[in-house]
Amino acid sequence: MSNLHHAAGIIFIVIGLGFDVFGCIGLLRLPDVYNRLQATTKCVTLGTCSILLGTFILKGLGTTGVKAILVAIFLLLTSPVAAHALARGAHKSGVKLWPKSVADKYEQDGN
Amino acid sequence: MKSKLVLFIVGFIVWSLLTWPLDFQHLIVGLAVAAFVAFITGDLFTPSLQAGTGFSRITRYLWLCYYVPMFLWECLKANIDVALRVLNPKLPINPGIVKVKTTLKSDTGLTFLANSITLTPGTLCVDIDAEKGILYIHWIDVKTQDADKATELIVKPFEKILKNIFE
């Protein structure tokens, strides 16, 4: 394996770790459950996909690499669905929005 | 029958990738498992296929090739956007739930629209009313509360492409 190849893999993994860390910071800093879901869904999806892509570059088209790509595809498909289910469940069970939120059309429409 | 066949092929491909590298014994087991799963759950999978929308239209695959890079690019922008918001000491957020309209009808199309919206900058799909064609979107930085203007900003970029792919 060439050095460039190796470096590209490491760079993707480091970028992915960075986004995962930003997602965690967002989870701690943002005020309510919906904003937190935003941060975690977006950052963690792309962060983890980036780590998996880095793994694929490092390992090549072998046992590990193919699985990494497959996991990345599943993650892209299922992570937004999970976030949607959590947000809807939270709203249905009466979790209020952050007091400074500007609008809640969902509440107004009687859901 | 057609959806069962599609599910069988998809299931078998996923199995083959999971047990990579290809091996005779794995493939035999994979055939049995994929056939079993397709037999049991074939009718639940992609009801829109049964309506006969057709795989043969070439244009939808071309639109799909256009959609995937665009989606990944939007996803990257969303990440940078959220990261900047989170790292900013003032925490510049202005959240709220807004209502947008869509003209998509098929379940697959709506699912992909909701997923795309969730993974693009600042928006998260909270609920879908499929009959009325309404999506409730949690927006981290509400620019407008008007349903039509919000539709223009959030839904339009994807709707046209998804309409060409799934309907």
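Residues numbered from 1 in each chain as written. Chains lettered and ligands numbered in written order. Predicted model: local features only at pLDDT ≥ 70, side-chain atom pairs only at ≥ 80, totals over all residues.

**Regarding the overall build of chain A**
Selection criterion: Helix numbers and strand numbers start at the N terminus; a helix is a DSSP run of H or I with at least 4 residues, a strand a run of E with at least 2. Each radius of gyration reported is based on C-alpha atoms, and the globular scaling rule is 2.2 Å times the count of residues to the power 0.38. Put simply, a residue is buried when 20 or more other C-beta atoms lie within 10 Å of its own C-beta and exposed when 12 or fewer do; between those, it is partly exposed, and each C-beta is set from the backbone.
Along chain A, the regular secondary structure elements total four helices and zero strands. When the helices and strands of chain A are listed from N to C terminus, the series reads α-α-α-α. The C-alpha atoms of chain A give a radius of gyration of 18 Å, which is well past the 13 Å a tight globule of 111 residues would have. Principal axes of the C-alpha set define a box for chain A whose edges measure 60 × 25 × 15 Å. Considering chain A as a whole, with its 111 residues, one finds that 36% of them fall into the buried category.

**A short note on the sheet that holds strand S3 (residues 134-139) of chain B**
Two orientations exist for strands paired in a sheet by backbone hydrogen bonds: parallel and antiparallel. All names here are of chain B. How we decide: Two strands are said to pair when DSSP picks up at least two bridges between them. Each axis is a line fitted through C-alpha atoms, taken for helices only over the stretch in contact, and angles between the N-to-C directions span 0 to 180 degrees.
Strand order in this open sheet of three strands is S1-S3-S2, and the pairing throughout is antiparallel. Pairing within the sheet leaves two strands with one partner each, and these edge strands are strand S1 (96-101) and strand S2 (123-129). Pairwise comparison of adjacent strand axes, ignoring direction, gives a mean angle of 30 degrees for this sheet.

**Remarks on the domain arrangement of chain B**
This is how the line gets drawn: Domains are outlined according to an automatic or database domain assignment.
Per the domain assignment, the segments of chain B are domain 1 (2-50) and domain 2 (58-166). A straight line from the C-alpha centre of domain 1 of chain B to that of domain 2 of chain B covers 31 Å.

**Some remarks on the nonpolar core**
The test is simple: For this analysis, nonpolar core means a set of buried Ala, Val, Leu, Ile, Met, Phe, Trp, Tyr and Cys residues linked through C-beta atoms within 7 Å.
Residues Val100(B), Leu113(B), Leu124(B), Cys125(B), Val126(B) and Ile137(B) are the most contacted members of the largest nonpolar core, which totals 28 residues. Elements represented by at least two residues in this core include exactly helix H2 (33-59) and helix H3 (63-92) of chain A together with S1, helix H5 (107-118), S2, S3, helix H6 (147-154) and helix H7 (156-166) of chain B.

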